[in-house]
Amino acid sequence: MAKPSAAATTIAESLQLRAGGYAISGELTLHSTSQLWPACRAIDWQGQTLDLAAVTRVDGAGAALLFELSQAGAQLQHLSADGQRLLQALNPSQPLHIPAPTGELPLISRLGRAISLWLNDLAEQISFIGEAAAAFALTLRRPQLLRRAELWRQCEQVGANALPIISLIAFLLGIILAFQSAIPMRQFGAEVFVANLLGLSVLRELGPLMTAIVLAGRTGAAFAAEIGTMKVNEEINALVTFGYRPMNFLVLPRLLAGALMLPLLAIWASVIALLGGAIVLQGFGIPLATFWTQLSGQVAPLDILTGLIKAVAFGLVVASVGCLRGLSTGNGASAVGASTTRAVVQILVLLVVTDGLFAVVFYHLGW
């Protein structure tokens, strides 16, 4: 056995010379190893034993020290399980032990977890609606709190910039709907009634719903990504630090823009869709004057009003869900993508549910 060097008598108190080797007591942490490491390097550890039974704690720095001593020839004894785990992670020749994945949760557990997540999400949405209503009420009392420049900018983004894609889809929808309806009705000589069908379906239902679906992928996703990125970059925390309310500063202009612009876009989409249908019917021998006569005789102002009411509600759904998902974004770039995807999915589901509720309400109102 090698004889301990003279440096062993001047090392830290936690390292003690014993018969047959050395022993370490206390904690092997970053603070203690900074004093212990130089002294340990002065010792010839080849064939020496190092008793670690009195070590109470080992961190990464302590494990690194023990790894160096073991590489120098020291035989480590009585190391705790935590210390062995850390030391094993530093030794590339020893594969890490990865616990086997647990079995799949039972069905009842997965169902309970899904219900719990759904209830938490519902509570979050209700809280968001309440905060948005309170912010709107405060803005009515103090109009100077509304960021008018931001409102007009959002109206441009939601409304004017969406006109090309809305026009294209509405025109194609009108052509397809008129063509597919005119073919079977031609067997009965009733092509002229396609104008009636187009007027009711587009103004009451398809115009607002189609516009809202397009804005769900265009505007709702943009709101979620924009606000989510601001949260990841801690810009929202900075706004709160400077005394700005995120609900008034970010959310309210987008909600108002959605509620104002979607009805206008729905009217525009309905007009373009009817124009596409009129062009198709001209190919079936129905002149434009006849189309207009059938349309004006079938469509009542109440039909246009119901479409506008739906459009306002759809606009609030698109803007509110997009903002809510953005504000609830987690940390990291992947969280922004997850929030955007979640926003689009929730908007589409809520649009269908809202449309169904309106159908039931309008039926009982006799509209």
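Scroll up to find the structure this text is about.
Residues numbered from 1 in each chain as written. Predicted model: local features only at pLDDT ≥ 70, side-chain atom pairs only at ≥ 80, totals over all residues. Heavy atoms only, no water.

Student: Help me understand helix H5 (residues 148-158), please; the structure alone is not making it clear to me.
Tutor: What sets the pattern is the α-helix's 3.6 residues per turn: residues three or four places apart point alike. If you check which residues of H5 are buried, you get Glu150, Leu151, Gln154, Cys155 and Val158. Along H5, the residues classed as buried sweep out an arc of 140° about the axis, all on the same side. For H5, the exposed residues lying more than 90 degrees away from the buried face are Ala149 and Trp152. Along its buried surface, H5 packs onto helix H7 (194-232) and helix H9 (246-283). (Buried < 20%, exposed > 50% of the residue type's maximum accessible area, 1.4 Å probe, protein only. Helix = DSSP H or I, 4+ residues; strand = E, 2+ residues; numbered from the N terminus. Arc of directions from axis to C-beta. Contact = heavy atoms within 4.5 Å.)

Student: Whenever I open this one, the nonpolar core confuses me. Can you help?
Tutor: Burial of nonpolar side chains together is a common tendency in soluble globular proteins. Counting residues in hydrophobic clusters, the biggest one holds 60 residues, and the most contacted among them are Leu198, Leu215, Leu281, Phe291 and Leu351. For this core, the element with the highest residue contribution is H9, accounting for 17 residues. Here Leu198 is in contact with Gly174, Leu177, Ala178, Leu203, Leu274, Gly277 and Phe291, once residues within four sequence places are set aside. With 19 residues, the next largest nonpolar core counts Tyr22, Leu36, Leu52 and Val55 among its residues. (Core = buried A, V, L, I, M, F, W, Y, C linked by side-chain atoms within 4.5 Å.)

Student: What is the right way to read the packing of H7 against H9 from this model?
Tutor: A pair of packed helices can be characterised by two numbers: the angle between their axes and the separation between those axes. Running from N to C, H7 and H9 point in directions that differ by 145°, and their axes come no closer than 7 Å. Considering the relative orientation of H7 and H9, their crossing is right-handed. Of the residues contributing to the contact of H7 with H9, the split by class is 20 nonpolar, five polar and two charged. (Axes fitted to C-alpha atoms, helices over the stretch in contact; angles between N-to-C directions. Left-handed = near helix turned anticlockwise from the far one by under 90°. Nonpolar A, V, L, I, M, F, W, Y, C, P; charged D, E, K, R; others polar.)

Student: Honestly, the packing of helix H4 (residues 107-141) against H9 in this entry has me stumped. Any pointers?
Tutor: Their axes nearest at 10 Å, the elements H4 and H9 cross at an angle of 90°. One element, H4, and the other, H9, form an angle in the roughly perpendicular class. Note on element contacts: H9 touches H4 through Met247, Asn248, Val251, Leu252, Leu255 and Leu256, opposite Phe128, Glu131, Ala132, Ala135, Phe136, Leu138 and Thr139. Taken together, the residues of the contact of H4 with H9 break down into 10 nonpolar, two polar and one charged. (Parallel < 35°, antiparallel > 145°, perpendicular 65-115°, else oblique.)

Student: Can you help me understand a nonpolar patch on the surface in this one?
Tutor: Among the surface-exposed residues, Ile108, Leu111, Ile115, Trp118, Leu119, Leu122 and Ile126 lie close enough to one another that they form a single nonpolar patch of about 710 Å² accessible area. For Ile108, the position within the fold is in helix H4. Given the relative accessible area of 63%, Ile108 is considered exposed. (Patch = residues over 30% accessible without salt bridge, like charges linked within 9 Å, V, L, I, M, F, W, Y side chains within 5 Å. Areas by Shrake-Rupley, 256 points an atom, 1.4 Å probe, with all protein chains shown as cover. Salt bridge = Lys/Arg side-chain N within 4 Å of Asp/Glu carboxyl O.)

Student: I keep staring at the pairing of strand E2 (residues 21-28) and nothing clicks. Help me out?
Tutor: On any regular strand, side chains alternate: one points to one face of the sheet, the next to the other face. Sheet analysis places E2 next to strand E3 (residues 49-58), joined by seven bridges and oriented parallel. Note that in E3 the partner of Tyr22 across the bridge is Leu50. In this view, the connection linking E2 to its parallel neighbour E3 by way of helix H1 (residues 30-41) has right-handed handedness. (Pairing = 2+ DSSP bridges. Right-handed = clockwise from strand over helix to strand, strands pointing away.)

Student: Before we go on, may I ask you to explain the side chain of Gln346 in this structure?
Tutor: Checked against the element boundaries, Gln346 lands in helix H12 (residues 333-365). A residue is classified by how much of its surface remains accessible, and Gln346, at 14% relative accessible area, is buried. Contact partners of Gln346, with chain neighbours within four places excluded, come to Asp121, Gln125, Val321 and Arg325.

Student: Which parts of the structure should I look at to understand unusual backbone geometry?
Tutor: Comment: phi is negative for the bulk of residues other than glycine, and the bulk of peptide bonds are trans. The backbone phi angle of His78 is positive, close to 60°, even though this residue is not glycine. Along the polypeptide, His78 turns up in the loop between strand E4 (75-77) and helix H3 (81-90). In this structure His78 comes out as exposed when scored by relative accessible area, which is 55%. Of note, Glu234 is a non-glycine position whose phi angle comes to about 60°, a positive value. Tracing the backbone through its elements, the reader meets Glu234 in the loop between H7 and helix H8 (235-241). A residue is classified by how much of its surface remains accessible, and Glu234, at 51% relative accessible area, is exposed.

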